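The chain contents come next:
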Amino acid sequence: MKELISVLKNRDYRLLWSGSVVSLIGDGATWTALAWLAITIGNAGSVAVMAVCYTMPIILGGTVIGPLMDRLSRRFLLVADSLLRAVVIGIVPVFALTGNLELWHLYVTAGVYGLLKIVPLAVVPTLVPELVEKRALHSATALESIAYGAAGMAGPAIGGVLIAVFDAPTVLILDALTYLVFAGCVLAIKAPLAAPEGNTSMSLKQSFGWKPVFALFKRDDVLVWTTVSFALFNATVGMIRVVIPWLVVEQLHAGAGTLGIVLGIANSGALIGAFLSGVVKPTDRQMLRVGVLQLIGGLGLLFLFGPQVWMILLGLMILEFVSTPMTVSAQVLRLARIPADIRGRTMTFMRTLLQSTSPAGSALAGPMLLAGLFAPLLVIAALSTSAPAAFVAWKYRRRSFADELGLNDPVPEKEEAKAAAS
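Residues numbered from 1 in each chain as written. Predicted model: local features only at pLDDT ≥ 70, side-chain atom pairs only at ≥ 80, totals over all residues. Heavy atoms only, no water.

### Quick look at the overall build of the protein
(1) Moving on: When you go through the protein residue by residue, the secondary structure sums to 18 helices and zero strands.
(2) Moving on: For the protein, with 422 residues in total, the buried portion stands at 56%.
(3) Moving on: For the protein, restricting intrachain contacts to residue pairs at least 6 apart in sequence, the fraction spanning at least 24 positions comes to 86%.
(4) Moving on: Carbon and sulfur atoms form 69% of the exposed surface of the protein, whose accessible area is close to 17200 Å².
(5) Moving on: Side chains of the protein carry 31 positive and 24 negative charges; the gap between the two charge centres is 5 Å. (Helix = DSSP H or I, 4+ residues; strand = E, 2+ residues; numbered from the N terminus. Buried < 20%, exposed > 50% of the residue type's maximum accessible area, 1.4 Å probe, protein only. Contact = heavy atoms within 4.5 Å. Areas by Shrake-Rupley, 256 points an atom, 1.4 Å probe, with all protein chains shown as cover. Lys, Arg positive; Asp, Glu negative; His and termini not counted. Charge placed at Lys NZ, Arg CZ, Asp CG, Glu CD.)

### Observations regarding helix α11 (residues 211-219)
(1) Moving on: Val 213, Leu 216 and Phe 217 are the residues of α11 that are buried. Each buried residue of α11 sits inside an arc of 95 degrees when the element is viewed along its axis, so together they form one side. Of the exposed residues in α11, the ones pointing more than 90 degrees away from its buried face are Lys 211, Lys 218 and Arg 219.
(2) Moving on: Residues of α11 that are buried sit in contact with α12 (221-251), α15 (309-337) and α16 (343-370). (Arc of directions from axis to C-beta.)

### Concerning empty space enclosed by the protein
(1) Moving on: On inspection of all chains with the given rule, the structure shows three cavities of 30 Å³ or more.
(2) Moving on: Its volume calculated, the largest cavity comes out at about 1300 Å³.
(3) Moving on: As for the largest cavity, its lining consists of 42 residues, of which Tyr 148, Val 237, Arg 241, Glu 320 and Gln 355 are closest to the centre.
(4) Moving on: Mapped onto the lining of the largest cavity, the elements with two or more residues apiece are α2 (11-41), α3 (44-55), α8 (137-165), α12, α13 (256-279), α15 and α16.
(5) Moving on: Among the elements that make up the lining of the largest cavity, the one with the highest residue count is α15 (nine residues).
(6) Moving on: Considered class by class, the residues forming the lining of the largest cavity number 22 nonpolar, 13 polar and seven charged.
(7) Moving on: The space that makes up the second largest cavity amounts to roughly 170 Å³.
(8) Moving on: Around the second largest cavity sit 19 residues that line it, and Ser 20, Leu 24, Pro 120, Val 124 and Tyr 148 are the ones nearest its centre. (1 Å grid on protein atoms, 1.4 Å probe; cavity = no way out; pocket = protein on both sides within 12 Å on 5 of 7 lines; lining within 4 Å. Points joined across faces, edges and corners; volume = space filled by probe spheres on them. Nonpolar A, V, L, I, M, F, W, Y, C, P; charged D, E, K, R; others polar.)

### Points about the pattern of salt bridges
(1) Moving on: Applying the stated criterion across every chain, the model contains seven salt bridges.
(2) Moving on: Between Arg 11 and Asp 12 there is a salt bridge whose closest N-O contact spans 3.4 Å.
(3) Moving on: What makes Asp 12 buried here is its relative accessible area of 13%.
(4) Moving on: When the shortest N-O distance is used, the salt bridge between Arg 399 and Asp 221 registers 3.1 Å. Pair noted here: Arg 399 is in the loop between α17 (374-395) and α18 (412-421) and Asp 221 is in helix α12, with a separation of 178 residues, a long-range link. (Salt bridge = Lys/Arg side-chain N within 4 Å of Asp/Glu carboxyl O.)

### Regarding α2
(1) Moving on: Spanning 31 residues, α2 covers 45 Å between terminal C-alpha atoms, matching the ideal 45 Å at 1.5 Å per step.
(2) Moving on: Within α2, 24 of the 31 residues are buried, which leaves it mostly tucked inside the rest of the structure.
(3) Moving on: In this structure Asn 10 caps α2, since a side-chain oxygen of it lies 3.2 Å from the backbone nitrogen of Asp 12. (Expected span 1.5 Å × (residues − 1). Polar contact = N/O pair within 3.5 Å; in protein donor to acceptor, adjacent residues only side chain to side chain.)

### What about the nonpolar core?
(1) Moving on: In terms of nonpolar packing, the biggest core is built from 66 residues, with Met 50, Leu 106 and Leu 316 touching the most fellow members.
(2) Moving on: No other element matches the 11 residues that α12 contributes to this core.
(3) Moving on: Residue contacts for Leu 316: discarding those within four places in its chain leaves Ile 240, Ile 244, Val 262, Ala 266 and Leu 304.
(4) Moving on: Membership of the second largest hydrophobic core comes to 61 residues, among which are Leu 16, Ile 65, Leu 78 and Ile 118. (Core = buried A, V, L, I, M, F, W, Y, C linked by side-chain atoms within 4.5 Å.)

### Structural notes on the side chain of Thr 283
(1) Moving on: Looking at the secondary structure, you find Thr 283 in the loop between α13 and α14 (286-300).
(2) Moving on: Here the side chain of Thr 283 touches Asp 284 through a polar contact of 3.3 Å, side chain to side chain.
(3) Moving on: When neighbours within four sequence positions are excluded, Thr 283 is seen to be in contact with Arg 289, Leu 405 and Leu 407.

These values are about where atoms sit, not about what they do.
What follows is the structure, given as structure tokens:
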């Protein structure tokens, strides 16, 4: 915990992190609002379509915007993204207030959100090594996951409560304001947040293309297998994104408040896992840890077969709990292995691939639920998570990553004490 607090003393990182937290909470509340509008105007199939719209455009966004990550100012990218999405989210309440809101409006809004989501997903972690020292990288990465965990828990719950007290359009107005807060925090950061040094002086082809990223993946099996296993994990997340509203409405026969509570409780597992990630140190068997954690998450989904609410919540919490420490463990390793001059493109490429499998899972879940195939869907979800995890754990069970993670580097405080004693 002391390490986490120490990182937050860094003013620039604190601004980036706190702005992200506010924006992510707004995103969590927005998904609850959009899901509720979709399932009340339409049905489970409508939620599935919107979930696809919410996530699939990230493929196009990553392809088009990704190469710009190492060419343009990261400050410009984050601020432009925030302002544009604030406008798009804010349009939905206008249609609702005038009585003209239709399902396709929700789909378009979710589509624009998905198109631009790659910007903060790729830029924020890319900036971390530039704002904090190497020995603080693990704690800073854990804090990013804590932000996602806290927002995942608080955002949906806040959204559900606000929908019950006011209405869904009000939630969307508040989310639009959170984007403006994030933009203000980014503008207040003193660090230049420029493109990597040297890239702007290169030819457009040199600093713009994907070729260096593909070459890196060709020679780095760790990046390949973390991407493959996490992509399948996210496919499961896409399935569960549709399953949860369906369970609340069809099985629990409850309303928006219950949906928000269920999402909040489930996502509390991610927050607990995030705090654990900040306390647990990196290990020389980092990839083995990643595989074991993901395997536990896949097996935890079997609790969703339980007829009782507490079993369903437990299964969801286990999935969310392991997702954060396994993400932090893999992320620290990735950042240590990716060269700085292509970090933006590489992170964009990886996160685009990872996010693109979520809509595939959602697209599969909708028709299967409508056809009454909940049990087969759950088996597919469990296998897509646990099978690749078991392979990764076996493949890297003896491989050490101590040197790459700096575990063999001298601790500055101990070196200073040793020098003083001599």
